[in-house]
Amino acid sequence: MRIDYTDVLVIGGGLAGLRAAIAAKRRGHDAVILSLVPPKRSHSAAAAGGMQASLANVIEASGDNEDVHFADTVRGGDWGADQEVVRMFVDTAPKAARELAAWGVPWTRVQQGNRETVINGKKVVISESKEAHGLIAQRNFGGTSKWRCAYVSDSTGHAMIYAVSDQTIAANIPVRERAEAIALIHDGGHCFGAVVRDLISGELYAYVAKATVIATGGAGRLYRVTTNAVICDGTGAALALETGQAALGNMEAIQFHPTGLFPSGILITEGCRGDGGLLRDADGHRFMPDYEPEKKELASRDVVSRDMLDHVKKGKGVKTRLGDHLWLDITLLGRAHIERNLRDVHEICRYFLDIDPAKDLIPVMPAQHYTMGGVRTNFKGESQGLRGLFAVGEASCWDIHGFNRLGGNSVAETVVAGMIVGEFIADFCDRVDSDITITTSLVHEFLGREQARIDRLADGGGSEDASRLQQRMQEVMTEKVGVFRDGRTLAAAVDELQRLLVRSRNIGLRNRSRGANPELATAYRTQKMLKVALCVAAGALARTESRGAHHREDFPRRDDAKWLNRTLATWPNEADISPTLKYEPLDVMRMELPPGWRGYGAKDFIPNPGSARRSAEIEAIKQKLAGADRFTMQAALMSYEQLLPARLRGRNERIVLPSEGASP
Amino acid sequence: MTEATQAPVHRQLTINVLRYEPRTPERPARMEAFRIEEADGMTLYIALNEIRETLDPSLNFDFVCRAGICGSCGMLINGRPGLACRTLTKDLGPNINLAPLPAFELISDLSVNTGKWMRGMSERLQTWIHARQQEVDLCRLEERMDPAVAEQIYELDRCIECGCCIGACGTVQMRKDFVGAVGLNKIARFRLDPRDHRTDEDYFELIGDDDGVFGCMALLGCHDVCPKQLPLQTQIAFLRRKMLLNGLNSAAKKGRNK
């Protein structure tokens, strides 16, 4: 069997993987990208409403900066995030948006002067400054205190992936399309690439590399109702898990988007509510202000999804043969706005439901949307369990999202992580001790093991049907590991998933072809997906508190005394039927923003004993530095700039309005 | 959807699929018929997956986003190129014929290698911004752009490289290297973009021949089938005038220089 060599093997051709490859290539390292599909068809293309970056160009964004973006993100994640990494992220996001502007993304731009918009259900006129004319515009999104989402109508991800993919073509970076990594190659301490399956010919080969990058996106297809593309099956996370060395972080943190189209789960962008759209019940009543007087429709997604389902439980949903739903009303935005700024929403409504959102209500229900957890890494994006293994984007738990991600922060993370981690990958490849030291015989051992697995599936005479097992897993996850969770139901879920996992070891195929055989791919993917599903369910069962999107009805409060930590799941032995869970503490004494109320959602939580101490410490530092600029103040609270790669450091310039004077 | 109690009567659909796998040429190309019961809101994505799960696990097709935005599922639906994921069966008769898009390398059944074709086209036409300066200072304000120009670029940037325009193209049948509407639209897009410093002379080098804009026979199947309703007809006509003008000018220049 064939062995190919490169410096950096990137698994996944979405935005994060492509951008990391570009960074490595620019530093003189060869990079190869493996992608299940042509990169422009990645799920990145589905990011709709926009990318968070505190550019502060529009008038409703004035006063925005890294500090505000930082606080919104930490609160949004319900204090589960790594605050140093959040700082690195918010500092780099404006740079990423500007790089994309230079690469050709047709960002919607600010038009100076008056324009009509909808805020809190009312038409208002706002006036954009002449200083901002022609700069990148921002729209409002959930859980943010300023308008911060840079956007391209409602196909932001599409425009971004086209620009970045074209840059990889310009940089002459090869992409192996329709190629799937099915196992990582490692010597127990260092990862050296992957065993790859060509999805057209079925051939197995090895790609040996100094650095291996998992950039495979999320795991939405563990669920039956999801906004995610069919390729987002979480098997990338399983690659890391199956090494027995690398850990997955916070897999129980699963986001449900409030407005999945009913019943298919196709995403209807948060931009609808950001631009002024409202949620209504069966009676046409706008119910969100009843639940969330502060942020209403624009509270964070975990909060809005829970409120919607609570409202349905009270009998206020619209009843149909396929279940209950609620309405999203964007008619008040007007046809011109919808056809220009919410164009894909208009198209989706027309093609899938034959309705016109400029005059009809859109049926919606919460649907699985995002995997906050993933391959746990340090701030450099490197796994702590396996040297040379990196992870970026949704597949990673770099951890800027904690237990709930803000809208627009994921597509921002893809490019930002690609930039930052890409530099660290290049640093890693520069080191002499990063040379490829694995023996060819060990590589062949990995190849042989994977070939034997495939042969066993095809010829082993197993009796289980992979797609049935997968469907049952998706039912269990949707019904038992959803928005509302409780111990009894989660225990039942873990139990059934374990039985499904055992059965998956006895899958047989009706079509035994080794080539372009979809049944074979479903078979080995299902085995991997069940392990990842168990990490989600077992992590959720063990975490006896409610934090962000992880909501336990039997433990409804956030518990900072016991659970201010990150779940780490490993799978030490192939024969195991459950992950091994450990916990990594979050140090409240190092936080720039100690835990408190998020500004929306539940006000009640169990405090961490260190919280008050840290808050007092912060207060003292602030008093001592009274009058200092925000950069000095921030550095005293939690310095982070030294963590950033040198070429990405520097203060982000913003326009200064005459009314604001000269302060930065 | 409001009639919660009424039991629906569903049609029986016959879905005929053109099947062939180039790696097993001993099995000739054939139409195979699959019978399934229609469901509410059924799309060809749902129908084909049901066929694969219940009737034939070996059937090959491509879907990714299943929401009409990624361009993976272009195929001939009753002979016409379209996106299968957002085609509702209720808009079709009870007999549905599906075939792979022509002109692309066939992988198997309904799956074709549009990715390879598109990458080749992108490399040939250099479909990326050719900026004056290699690296911009990312800390500085971004370069300003007229909001209306940004919107015009977006309008052409909406192409999803699904390949429907190639599947509907008469010229591609005769000239295998023709860049098609997808390629010409990209040139129109970069030509519009003030960040790209290439001139019409540069673009003429890329598309000023019969594999480029002069190969188009103006049959405009591309315009009729484009799932994103891109203004392909006007863009191609406009580019042809510009390229013709450029060709004439440079010929005149060469004449003077003699």
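Here is what the cut-offs are and how they apply
Every residue gets a number counted from 1 within its own chain, in the order that chain's sequence is written. Chain labels run from A onward and ligand labels from 1 onward, assigned in the order the entries are written. Where local features are concerned, this predicted model is filtered to residues with pLDDT of at least 70; where side-chain atom pairs are given and counted, the filter is 80 or more; whole-chain, interface and lining totals use all residues. Heavy atoms throughout the structure, all of them, feed into the side-chain values; hydrogens and water do not. Counting from the N terminus, the helices are the DSSP runs of H or I reaching at least four residues and the strands are the DSSP runs of E reaching at least two. Radius of gyration here uses only the C-alpha atoms, and the compact-globule reference equals 2.2 Å multiplied by the residue count raised to the power 0.38. Accessibility here uses a 1.4 Å probe with only protein chains present; expressed as a share of the type maximum, an area under 20% marks a residue as buried, one over 50% as exposed, and anything in between as partly exposed. We call two residues in contact when some of their heavy atoms are within 4.5 Å. Two strands make a pair as long as DSSP finds a minimum of two bridges between them. The distinction between a cavity and a pocket rests on a 1 Å grid over the protein atoms alone: a 1.4 Å probe fits inside a cavity but cannot get out, while a pocket stays open yet meets protein on both sides within 12 Å along at least five of seven lines, and a residue with an atom within 4 Å of a point counts as lining. Grid points are joined across faces, edges and corners, and a volume is the space filled by probe spheres set on the points. Each residue receives one of three labels: charged for Asp, Glu, Lys and Arg, nonpolar for Ala, Val, Leu, Ile, Met, Phe, Trp, Tyr, Cys and Pro, and polar for the others, Gly being one of them. A helix's residues, less one, multiplied by 1.5 Å, set its expected span. Here the nonpolar core consists of buried residues drawn from Ala, Val, Leu, Ile, Met, Phe, Trp, Tyr and Cys, with membership extended through side-chain atoms lying within 4.5 Å. Cysteine sulfur pairs qualify as disulfides if the two atoms are within 2.5 Å. Values labelled buried area give the accessible surface lost by two parts on being combined, using a 1.4 Å probe and summing over both. In what follows, salt bridge is the name for a side-chain nitrogen of Lys or Arg lying within 4 Å of a carboxyl oxygen of Asp or Glu. N or O atoms closer than or at 3.5 Å make up a polar contact, with two conditions inside protein: a donor-capable atom paired with an acceptor-capable one, and, for residues adjacent in sequence, both atoms drawn from side chains. Here an axis means a line fitted to C-alpha atoms, over the contact stretch when the element is a helix, while the angle between two N-to-C directions is reported on a 0 to 180 degree scale. Each patch is built from salt-bridge-free residues with over 30% relative accessible area, joining like charges within 9 Å and nonpolar side chains (Val, Leu, Ile, Met, Phe, Trp, Tyr) within 5 Å. Shrake-Rupley sampling with a 1.4 Å probe provides the accessible areas, and residues are treated as covered by the protein chains on show and by no other component. A residue's pLDDT is the predictor's confidence in that residue, given on a scale from 0 to 100. In these notes the angle categories are as follows: under 35 degrees is roughly parallel, over 145 is roughly antiparallel, 65 to 115 is roughly perpendicular, and the rest is oblique. With the far helix as reference, a near helix turned anticlockwise by less than a right angle produces a left-handed crossing, and one turned clockwise produces a right-handed crossing.

(A) Structural view of the overall build of chain A. Tallying secondary structure elements over chain A gives 17 helices and 26 strands in all. A compact globule built from 664 residues would reach a C-alpha radius of gyration of about 26 Å, and chain A, at 24 Å, matches this within 12%. In terms of principal-axis extent, the alpha carbons of chain A reach across some 70 × 60 × 50 Å. By the burial criterion, 67% of the 664 residues in chain A qualify as buried. The contacts of chain A with a sequence gap of at least 6 include a subset with a gap of at least 24, amounting to 73%.

(B) Expanded view of the environment of tyrosine 5 of chain A. All names here are of chain A. Relative to the helices and strands, tyrosine 5 is located in strand S1 (residues 3-11). Between the C-alpha atoms of tyrosine 5 and glutamate 653, which are 648 residues apart in sequence, the distance is 42 Å. Here tyrosine 5 is in contact with Tyr207, Val208 and Ile436, once residues within four sequence places are set aside.

(C) Layout of the sheet that holds strand S6 (residues 138-139) of chain A. All names here are of chain A. Within the open sheet, the 3 strands sit side by side as S3-S7-S6. Their pairing is antiparallel. Bordering the open sheet on either side are strand S3 (51-52) and S6, each of which pairs with just one other strand. Of the pairings in the sheet, the one linking S6 to strand S7 (residues 149-150) comprises 2 bridges and is antiparallel in character. Each bridged residue has a counterpart across the sheet, and for arginine 139 the counterpart in S7 is cysteine 149.

(D) Region of interest: the layout of surface pockets. Here the second largest pocket defines a volume of roughly 1,000 Å³. What lines the second largest pocket is a set of 41 residues, and nearest its centre among them are Ala102 and Trp103 of chain A together with Gln133, Gln134 and Val136 of chain B. When contributions to the lining of the second largest pocket are tallied by element, the ones reaching two or more residues are helix H1 (15-26), helix H3 (83-102), helix H4 (156-170) and helix H11 (409-430) of chain A. Each residue belonging to the lining of the second largest pocket can be placed in one class, and the counts come to 18 nonpolar, 5 polar and 18 charged.

(E) Quick look at helix H2 (residues 114-125) of chain B. Between its first and last C-alpha atoms H2 of chain B spans 16 Å; for 12 residues at 1.5 Å apiece the expected length is 16 Å, and the two agree. All of the buried residues along H2 of chain B are Thr114, Gly115, Trp117, Met118, Arg119, Met121, Ser122 and Leu125 of chain B. Buried residues along H2 of chain B sit in contact with H4 and strand S8 (175-177) of chain A together with strand S7 (111-112), helix H4 (164-167), helix H6 (180-192) and helix H7 (200-207) of chain B. Of the residues one or two after H2 of chain B, glutamine 126 of chain B is the one with positive phi, at around 50 degrees.

(F) Structural context of the nonpolar core. Residues Leu222, Ile362 and Leu497 of chain A are the most contacted members of the largest nonpolar core, which totals 123 residues. Ranked by residue count, the leading element in this core is helix H15 (residues 518-542) of chain A, at 13 residues.

(G) Representation of the state of the cysteines. The final tally for this structure, using the stated rule, is 0 disulfides over all chains. Between cysteine 232 of chain A, a cysteine without a disulfide, and cysteine 65 of chain B, which holds the nearest cysteine sulfur, the sulfur-to-sulfur distance is 10 Å. Relative accessible area serves as the criterion here: at 4%, cysteine 232 of chain A is assigned to the buried category. Cysteine 159 of chain B carries a free sulfur, and the closest cysteine sulfur to it, the one in cysteine 165 of chain B, is 6.5 Å from it. Look at cysteine 159 of chain B and you get buried, because its relative accessible area is 9%.

(H) Layout of the interface of chain B and chain A. Between chain B and chain A, the residue contacts involve 74 residues of the former and 89 residues of the latter. Each partner contributes to the roughly 6,400 Å² buried at the junction of chain B and chain A, and carbon and sulfur atoms together form 51% of this total. Connecting chain B to chain A are 11 salt bridges. Linking glutamate 347 of chain A and arginine 158 of chain B is a salt bridge whose minimum nitrogen-to-oxygen distance equals 3.1 Å. Linking chain B with chain A are 44 residue pairs in polar contact (both at pLDDT 80 or more), by the criterion used here. The set of elements that each furnish at least two residues to the side of chain B that touches chain A consists of helix H1 (44-54), S7, H2, helix H3 (147-157) and H6 of chain B. Of all the elements, H3 of chain B adds the most residues to the side of chain B that touches chain A, at 7 residues. Per-class residue counts for the side of chain B that touches chain A are 32 nonpolar, 15 polar and 27 charged.

(I) Local environment of the pattern of salt bridges. Residue and element names in this part refer to chain A. Throughout the structure, instances matching the rule amount to 94 salt bridges over all chains. Among the ionic pairs, aspartate 64 bridges to arginine 148, the shortest N-O distance being 2.8 Å. With a gap of 84 residues between them, aspartate 64 in the loop between S3 and helix H2 (66-76) and arginine 148 in the loop between S6 and S7 connect regions that are remote in the sequence. We note that aspartate 64, like arginine 148, is buried.

(J) Summary view of unusual backbone geometry. In this model, phenylalanine 262 of chain A is joined to proline 263 of chain A through a cis peptide bond whose omega is 0 degrees. Its identity as a non-glycine residue notwithstanding, asparagine 250 of chain A has a phi of 50 degrees, on the positive side. Positive phi, close to 80 degrees, is recorded for alanine 103 of chain B, a residue that is not glycine. As for its placement among the helices and strands, alanine 103 of chain B is situated in the loop between strand S5 (95-99) and strand S6 (106-108).

(K) Representation of the sheet that holds strand S3 (residues 74-77) of chain B. Residue and element names in this part refer to chain B. As summarised here, the arrangement of the 5 strands in space is S2-S1-S5-S3-S4, forming an open sheet in which the pairing is mixed. The open sheet has two edge strands, strand S2 (30-37) and strand S4 (80-83), and neither has a second partner. Averaged over all pairs of adjacent strands, the angle between strand axes in this sheet comes to 35 degrees, irrespective of strand direction. Pairing geometry for S3 and S5, over 2 bridges, is antiparallel. Residue pairing in the sheet places isoleucine 77 in a bridge with leucine 98 of S5. Helix-sheet contacts for H1 involve strand S1 (12-19), S2, S3 and S5, and the interaxial angle to S2 is about 100 degrees.

(L) Up close: empty space enclosed by the protein. Here the structure, examined in full by the defined rule, presents 9 cavities of 30 Å³ or more. Counted as a void, the second largest cavity has a volume near 170 Å³. Along its surface, the second largest cavity is lined by 19 residues, and Ala46, Ala48, Leu267 and Ile348 of chain A together with Ile69 of chain B are the ones closest to its centre. For the lining of the second largest cavity, a count of residues per class yields 12 nonpolar, 4 polar and 3 charged.

(M) Seen up close, a nonpolar patch on the surface. Residue and element names in this part refer to chain B. Taken together, Met174, Met217 and Leu219 make up a surface patch of nonpolar side chains, about 340 Å² in accessible area. On the secondary structure map, leucine 219 appears in the loop between H7 and helix H8 (221-225). Note on leucine 219: relative accessible area 59%, which makes it exposed.

(N) Seen up close, H15 of chain A. All names here are of chain A. For H15, built from 25 residues, the straight-helix expectation of 36 Å at 1.5 Å per residue is met to within 8% by its first-to-last C-alpha distance of 35 Å. Within H15, 21 of the 25 residues are buried, leaving the element largely enclosed by the surrounding structure. At the N-terminal boundary of H15, the capping side chain belongs to asparagine 517, with an oxygen 3.0 Å from the backbone nitrogen of glutamate 519.

(O) Structural context of the confidence of the model for chain B. Of all residues in chain B, 96% attain a pLDDT of 70 or more, and the chain-wide mean is 94. Across the interfaces of the predicted complex, the ipTM metric reaches 0.96, alongside a pTM of 0.97.

(P) Local environment of the packing of H3 of chain B against H6 of chain B. Residue and element names in this part refer to chain B. As a packed pair, H3 and H6 sit with axes 9 Å apart at the nearest point and diverge in direction by 165 degrees. Regarding the angle of H3 to H6, the classification is roughly antiparallel. In the crossing of H3 with H6, the sense of the turn from one axis to the other is left-handed. Two secondary-structure elements touch here, H3 through Val149, Gln152, Ile153, Leu156 and Asp157 and H6 through Asn185, Ala188, Arg189 and Leu192. Class assignment of the residues belonging to the contact of H3 with H6 gives a composition of 5 nonpolar, 2 polar and 2 charged.

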